[in-house]
Amino acid sequence: MNIHADDGTLSMAEVTPKKAVRESQTALMWRRFKRHKLALVSLWVVIAFYLIAIFAEFLAPTDPSAYNPRYTYAPPQGINFVAVQEDGSWTFGPYVYGYKTEIDPVALRRTFVIDETERLPIMLFAESKPYLLAGFIPMSTKLFGVSVPRAPLYVLGADRLGRDLLSRLIHGTRISLSIGLAGVTMSLFFGIIIGGFAGYYGGWFDSAVMRVVEFIRSMPTIPLWLGLAAAMPKDWTALQTYFAITIILSLIGWTELARVVRGRFLSLRTEDFVTAAQLDGASDWRIITRHMVPSFTSHIIAAATLAIPGMILAETALSFLGLGLQAPIVSWGTLLQDAQNIRTLATAPWLLTPGICVVIIILAMNFFGDGLRDAADPHGR
């Protein structure tokens, strides 16, 4: 097809404007998210923590429950990579120093000091006792270990029973982070369903749901946890307690998301696409799940990301106070129980390492959630 003009003939391709490039909502969110450098770095930090949680058995150098009374409160050894020989030459290779014992002249107790005359080489992919990776993959190799049989390896130090703090910290990462994911998943389900129906139908049902939400949010937290902890049977296994804590955190954590979803539904139920779906004969369930919820999925994802740190902090605080998970389950909260007295902190400050991990993951998830929320904002640039 040609278009004729006074000065000649032009083809349609020459007068048709260039076709606009269309991007999906996910692509637009990712492009805006990458501009938030701190959120992008935080995303990689969160991914690293969850990879540690998935491959905990492989990354931990020893069994988290293995103890050795000979090395009670042994200080961190630290990994060295360059060794200077007696002739002045340099050799490269990871190693740790051994221990030697000394008697504290004031307290008259045995203490451990690093013996720089004894070097213990570290091997990558060291042989170990058979174990199950992620609970079902049989393996007999660890990421690293000392080449000398039965030699001590306490990169982050040992606790009061001579257990490797690094191994326990890695395994505790799985428990603490999985509680956050499981709790938020259940909170999402309750929050979207209850808040969605409250905002969609309104009326007496909306008023009843909001009164329940306000009642739950007005309850004092500590007395509530004390009552729930007292109500748990003492003969429950550690696994049953784990699931109970997850469910309780979810039953209390859905209220904030329900309020957000309810407000969005109140504004969306009068939109044209909802009216069109109703006139087309779609059921209420289909309108809610197929039309209304997908319209603000990005906001739900951002809200869930910001809710995970709260779940992790709740589990850590409860376990630290003795109201949550208990031994033999290893979580960041149970690890911090060993750092409750001044004497322990004075002699073994490395027991506060789980607290540092809590601070890092909470900050990373908050920065990641902030970046995701800004990227999901339809009015953002």
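Residues numbered from 1 in each chain as written. Predicted model: local features only at pLDDT ≥ 70, side-chain atom pairs only at ≥ 80, totals over all residues. Heavy atoms only, no water.

A. Layout of the overall build of the protein. Per the secondary structure count, the protein includes 14 helices and six strands. Looking at the protein as a whole, 40% of its 381 residues are labelled buried. Pairs at least 24 apart in sequence give 64% of the contacts found in the protein among residues at least 6 apart. For the protein, the accessible surface area stands at approximately 21900 Å², while carbon and sulfur atoms represent 64% of it. (Helix = DSSP H or I, 4+ residues; strand = E, 2+ residues; numbered from the N terminus. Buried < 20%, exposed > 50% of the residue type's maximum accessible area, 1.4 Å probe, protein only. Contact = heavy atoms within 4.5 Å. Areas by Shrake-Rupley, 256 points an atom, 1.4 Å probe, with all protein chains shown as cover.)

B. Expanded view of empty space enclosed by the protein. Overall, the coordinates contain one cavity of 30 Å³ or more when judged by the stated rule. Estimates place the volume of the largest cavity at around 30 Å³. As for the largest cavity, its lining consists of Asp159, Leu165, Arg168, Leu335, Asp338 and Leu351. Class assignment for the residues of the lining of the largest cavity results in three nonpolar, no polar and three charged. (1 Å grid on protein atoms, 1.4 Å probe; cavity = no way out; pocket = protein on both sides within 12 Å on 5 of 7 lines; lining within 4 Å. Points joined across faces, edges and corners; volume = space filled by probe spheres on them. Nonpolar A, V, L, I, M, F, W, Y, C, P; charged D, E, K, R; others polar.)

C. Broad picture of the packing of helix α3 (residues 37-54) against helix α14 (residues 353-376). It is the contact of α3 with α14, at a shortest axis distance of 8 Å, that shows an interaxial angle of 130°. Our classification of the angle between α3 and α14 gives oblique. Our pair here, α3 against α14, has a crossing hand that is left-handed. For the pair α3 and α14, the contacting residues are Leu38, Ala39, Ser42, Leu43, Val45, Val46, Phe49 and Tyr50 in the first and Cys357, Ile360, Ile361, Ala364, Met365, Phe367, Phe368 and Gly371 in the second. Residue composition of the contact of α3 with α14, by class: 14 nonpolar, two polar and no charged. (Axes fitted to C-alpha atoms, helices over the stretch in contact; angles between N-to-C directions. Parallel < 35°, antiparallel > 145°, perpendicular 65-115°, else oblique. Left-handed = near helix turned anticlockwise from the far one by under 90°.)

D. Molecular detail of the confidence of the model for the protein. For the protein, the mean per-residue pLDDT works out to 78, and 88% of the residues sit at or above 70. Per-residue pLDDT, averaged within each element of the protein, yields its smallest value for helix α1 (residues 12-15) (47) and its largest for α3 (90). Throughout residues 1-5 the model reports pLDDT below 50, and contacts reaching past four residues in sequence, or to other chains, amount to 11 contacts. Taken together, the stretch residues 10-20 has pLDDT below 50 and engages in eight contacts with residues farther than four places along the chain or on a different chain. (pLDDT = per-residue confidence, 0-100.)

E. The nonpolar core, seen in detail. Among the nonpolar cores identified, the biggest contains 30 residues, and Leu177, Ile312, Leu325, Trp332, Ile361 and Met365 are the most heavily contacted of them. When residues in this core are grouped by element, the largest group, six residues, is from α14. Here leucine 177 is in contact with Phe49, Tyr50, Ile312, Trp332 and Ile361, once residues within four sequence places are set aside. (Core = buried A, V, L, I, M, F, W, Y, C linked by side-chain atoms within 4.5 Å.)

F. Expanded view of unusual backbone geometry. A positive phi angle, close to 55°, is found at tyrosine 73, a residue other than glycine. Mapping tyrosine 73 onto the fold places it in the loop between α4 (56-59) and β3 (80-84). Of note, the phi angle at phenylalanine 125 is positive, near 55°, even though the residue is not glycine. As for its position among the elements, phenylalanine 125 is in strand β5 (residues 110-133).

G. Spotlight on the side chain of glutamate 57. Here glutamate 57 shows up in helix α4. If we ignore the near neighbours within four places in the chain, the residues touching glutamate 57 are Tyr131, Leu132, Leu133, Ala134, Gly135, Lys142, His171 and Arg174.

H. A look at the pattern of salt bridges. Enumeration over the complete set of coordinates arrives at five salt bridges. The closest approach of N and O atoms between arginine 163 and aspartate 159, which form a salt bridge, is 2.8 Å. Residues aspartate 206 and arginine 262 are paired through a salt bridge, measuring 2.8 Å at the closest nitrogen-oxygen approach. With aspartate 206 in helix α6 (residues 203-218) and arginine 262 in helix α8 (residues 238-268), this residue pair connects regions lying 56 residues apart in the sequence. Here aspartate 206 falls in the buried class, since its relative accessible area comes to 8%. A residue is classified by how much of its surface remains accessible, and arginine 262, at 23% relative accessible area, is partly exposed. (Salt bridge = Lys/Arg side-chain N within 4 Å of Asp/Glu carboxyl O.)

I. Just a nonpolar patch on the surface, in detail. On the surface, a nonpolar cluster with roughly 680 Å² of combined accessible area is contributed by Ile79, Phe81, Val82, Val84, Trp90 and Phe92. Elements with a minimum of two residues in the nonpolar patch: β3 and β4 (90-103). Broken down by element, the residue count for the nonpolar patch peaks at three residues, all from β3. Here isoleucine 79 is to be found in the loop between α4 and β3. (Patch = residues over 30% accessible without salt bridge, like charges linked within 9 Å, V, L, I, M, F, W, Y side chains within 5 Å.)

J. Geometry of α6. Given a rise of 1.5 Å per residue, 16 residues ought to cover 22 Å, and the 23 Å separating the end C-alpha atoms of α6 matches this to within 8%. When we look at burial in α6, the residues that qualify are Asp206, Val209, Met210, Val213 and Ile216. Take α6 and look down its axis: the buried residues cluster within an arc of 125°, on one side only. Of the exposed residues in α6, the ones pointing more than 90 degrees away from its buried face are Trp204, Phe215 and Ser218. (Expected span 1.5 Å × (residues − 1). Arc of directions from axis to C-beta.)

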